[in-house]
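# Fold and contact review
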Amino acid sequence: MIATPTKTPHTGQDYLQKNVTQTTELSPNQCLLPLTAKINHQDHLEIGGCDLKTLVEQFGSPLYILDKATLTTACRQYRDYFKSYYQGESQVIYASKAWSSLAVVGIIASEQLGFDVVSGGELYTTQKALTQLGCSSQEIAQKIYFHGNNKSETELQEAIEIGCTIIVDNWLELETLTQLAHSRPNQPIPILIRLTPGIECHTHEYIRTGHLDSKFGFDPNQLEAVFTYLTEQPSLNCKGLHAHIGSQIFERQPHQDLAVVLVEWLKIGQEKGLNLTELNIGGGLGICYTEDDDPPSIEEWVKAASEAVMKACQRFDIPLPKLIAEPGRSLIGSACVSAYTVGSRKEIPELRTYIAVDGGMSDNPRPITYQSAYRIVLANKMSAESSETVTVAGKHCESGDILIKDAQLPQTQPGDILVVMGTGAYNYSMASNYNRLPRPAAVLVHNGEANLILRRETYDDLIRQDCFPESLLS
Ligand code: LLP
């Protein structure tokens, strides 16, 4: 079975999943296009039963197109594989930093996942969506884990009010929480302790977090003191430990090593008298952005992590904790594509041909930030043979605003629909209004229906927060 395309795709068609049998389910993170991608009789790309050219006519471009089936499949796979491979209790929580919005939270909550939030804003969004879904305040509290290396006192108060678990990152936070707890006798605040496990993994240095020189979490040599502090603070209910080692990881070994480090610390904490029953191993599973990427499937990752935790618990002779994982990218990354309209063209003889699209670094800052590679197709010419090498530029006043260098494409015309694959994670959530471009709309596609989940920003939205001081008028 081949989930990713042939090594050198010549047409858009080559990017569709190949040789997929009815009985094997694909792992969304190993696919370049969403699971429902098809080519229709007009030679157009269709996702979730919707023709992308029609979607752009209806909703404009740039447009994020989120495929519900791919997202729910990834949620279900994570949830069910943990149930099959881990013999204790498990919980999958979505790292909402990948894409936080009411609809995204709504879909993921309907698959019974919880949420990792990292700011008051993500907490607010998640709480609003869960309330809209009819969750009780107790359910909301149980579903949310609040992260961050510098949470403000206001954010901590908001989290305490909601009753969610706070993942404590440092001494200042521990002390602030202890003080805030004084006003709530007999209502201990649920927390986990985040530690830096000292594990290296091969990914971009900006998205590596588990090595010792990281701004996140307690250094291991602080942990004994943290445990002692916690035994003296009945107002804090420390339930367990957390670590996250990085993102877009293709190896399984780092998470297996992490399991051993975390379980050992869990035992040390238990021996100090703390009732530690939860272990959160973070996220980090990578996805395919190009045909060269080779991440493990969701099943393989869950199996490796589950077995490593169970083995370590046996080795250190402790009962199986509740195992929590918090993936972001591998849940939503492959479920979305971005559609642009092709505009101007610049040919520099014997050097390069640029084609420009109507978005760029403001809706996808990953190429300029991490030199990330992406793959593209022309959604209205899926079977046309590639005939030229082009560099796809954004429309921002910045030379580095290049979405894809040296891409193979059929001859393009202004008005063609260019689709970038794998844009579900860290695109909308990192989008900006640079050059005062309104942020794009997003639609959810499913069974031939398209529903707006983010309205396109207007010029009025752009100036909504601007203030014009009286003094400028005199
Ligand atoms: N948990 C924690 C504590 C994290 O910091 C992260 C990601 C995750 C979970 C989810 O990791 P994932 O499963 O998505 O790999 N903006 C970068 C990615 C930054 C990731 C930050 N932390 C990018 O666009 O590649």
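Residues numbered from 1 in each chain as written. Predicted model: local features only at pLDDT ≥ 70, side-chain atom pairs only at ≥ 80, totals over all residues. Heavy atoms only, no water.

### Looking at helix 6 (residues 153–162)
- Within helix 6, the full set of buried residues consists of Glu-155, Leu-156, Ala-159, Ile-160 and Ile-162. All buried residues of helix 6 fall inside an arc of 165° around its axis, so they share one side.
- Packing partners of the buried residues in helix 6 comprise helix 4 (120–132), helix 5 (137–143), strand 7 (144–146), strand 8 (165–168), helix 7 (171–181) and strand 9 (189–194).
- Just downstream of helix 6 lies Gly-163, where phi reads positive at about 90°. (Buried < 20%, exposed > 50% of the residue type's maximum accessible area, 1.4 Å probe, protein only. Helix = DSSP H or I, 4+ residues; strand = E, 2+ residues; numbered from the N terminus. Arc of directions from axis to C-beta. Contact = heavy atoms within 4.5 Å.)

### What about the domain arrangement of the protein?
- Under the domain assignment, the protein is made up of domain 1 (12–67 + 336–458) and domain 2 (69–332).
- Inter-centroid distance (C-alpha atoms) of domain 1 to domain 2 is 32 Å.
- The interface is formed by 34 residues belonging to domain 1 together with 35 residues belonging to domain 2.
- Interface of domain 1 and domain 2: buried area, both sides summed, is about 2,800 Å²; carbon and sulfur atoms make up 59% of it.
- Where domain 1 packs against domain 2, one counts two salt bridges.
- The residue Glu-291 makes a salt bridge to Arg-375 at a minimum N-O spacing of 2.9 Å.
- Applying the counting criterion to the domain 1 and domain 2 interface returns 16 residue pairs in polar contact (both at pLDDT 80 or more).
- Contributions of two or more residues to the side of domain 1 that touches domain 2 are made by strand 4 (63–67), helix 12 (366–370), strand 19 (441–446) and strand 20 (449–454). (Domains from an automatic or database assignment. Buried area = accessible area lost by both parts, 1.4 Å probe. Salt bridge = Lys/Arg side-chain N within 4 Å of Asp/Glu carboxyl O. Polar contact = N/O pair within 3.5 Å; in protein donor to acceptor, adjacent residues only side chain to side chain.)

### Brief notes about a nonpolar patch on the surface
- A cluster of nonpolar residues, Phe-468, Leu-472 and Leu-473, forms a patch on the protein surface that exposes about 380 Å² of accessible area.
- Judged by relative accessible area, which is 60%, Leu-473 ranks as exposed. (Patch = residues over 30% accessible without salt bridge, like charges linked within 9 Å, V, L, I, M, F, W, Y side chains within 5 Å. Areas by Shrake-Rupley, 256 points an atom, 1.4 Å probe, with all protein chains shown as cover.)

### Brief notes about the environment of Glu-25
- Mapped onto the elements of the fold, Glu-25 is located in the segment before strand 1 (38–39).
- Residues Glu-25 and Leu-35 lie 10 residues apart in sequence; the distance between their C-alpha atoms is 9.7 Å.
- A polar atom in the side chain of Glu-25 sits 2.9 Å from the side chain of Arg-76.
- At 2.8 Å, the side chain of Glu-25 forms a polar contact with the side chain of Gln-77.

### Regarding the sheet that holds strand 7
- One closed barrel holds the eight strands; their spatial order is 5-6-7-8-9-10-11-12, and the pairing between them is parallel. The sheet shows a mean angle of 30° between the axes of neighbouring strands, direction not considered.
- As paired strands, strand 9 and strand 10 (residues 236–242) are joined by six bridges and run parallel to one another. Looking at strand 10, one finds that Ile-193 is bridged to Leu-241. (Pairing = 2+ DSSP bridges. Axes fitted to C-alpha atoms, helices over the stretch in contact; angles between N-to-C directions.)

### Side note on the packing of helix 6 against helix 7
- The contact between helix 6 and helix 7 brings their axes to 11 Å, and the two run at 55°. On the basis of the axis angle, helix 6 is oblique to helix 7. In the packing of helix 6 onto helix 7, the handedness of the crossing is right-handed. On helix 7, the residues that touch Glu-153, Leu-156, Gln-157 and Ile-160 of helix 6 are Glu-173, Thr-176, Leu-177 and Leu-180.
- Taken together, the residues of the contact of helix 6 with helix 7 break down into four nonpolar, two polar and two charged. (Parallel < 35°, antiparallel > 145°, perpendicular 65-115°, else oblique. Left-handed = near helix turned anticlockwise from the far one by under 90°. Nonpolar A, V, L, I, M, F, W, Y, C, P; charged D, E, K, R; others polar.)

### Description of the site of the ligand
- Around the ligand lies a shell of 20 residues, among which Ser-247, Glu-326, Arg-366, Tyr-370 and Tyr-426 are the nearest.
- Within the side chain of Tyr-370, one N or O atom sits 2.7 Å away from a nitrogen atom of the ligand.
- The fraction of the free accessible surface of the ligand (580 Å²) that becomes covered by protein chains is 92%.
- Tallied by class, residues from the shell around the ligand come to six nonpolar, eight polar and six charged.
- Here the shell around the ligand spans two domains, and each of domain 1 (12–67 + 336–458) and domain 2 (69–332) adds at least three residues to it. (Near = heavy atom within 4 Å.)

### Brief notes about the packing of aromatic side chains
- Overall, the coordinates contain 10 aromatic pairs when judged by the stated rule.
- Judged by centre distance (6.1 Å) and plane angle (75°), the ring pair of Tyr-78 and Trp-301 falls under edge-to-face. Taken together, the residues Tyr-78 in helix 2 (residues 68–85) and Trp-301 in helix 10 (residues 298–316) connect sequence positions 223 residues apart.
- For Tyr-78, a relative accessible area of 0% translates into the label buried.
- For Trp-301, a relative accessible area of 2% translates into the label buried.
- Taking 6.4 Å as the distance between ring centres and 85° as the angle between the ring planes, the aromatic pair formed by Tyr-94 and Phe-115 counts as edge-to-face. (Phe/Tyr/Trp six-rings, centres within 6.5 Å; stacked < 30°, edge-to-face > 60°.)

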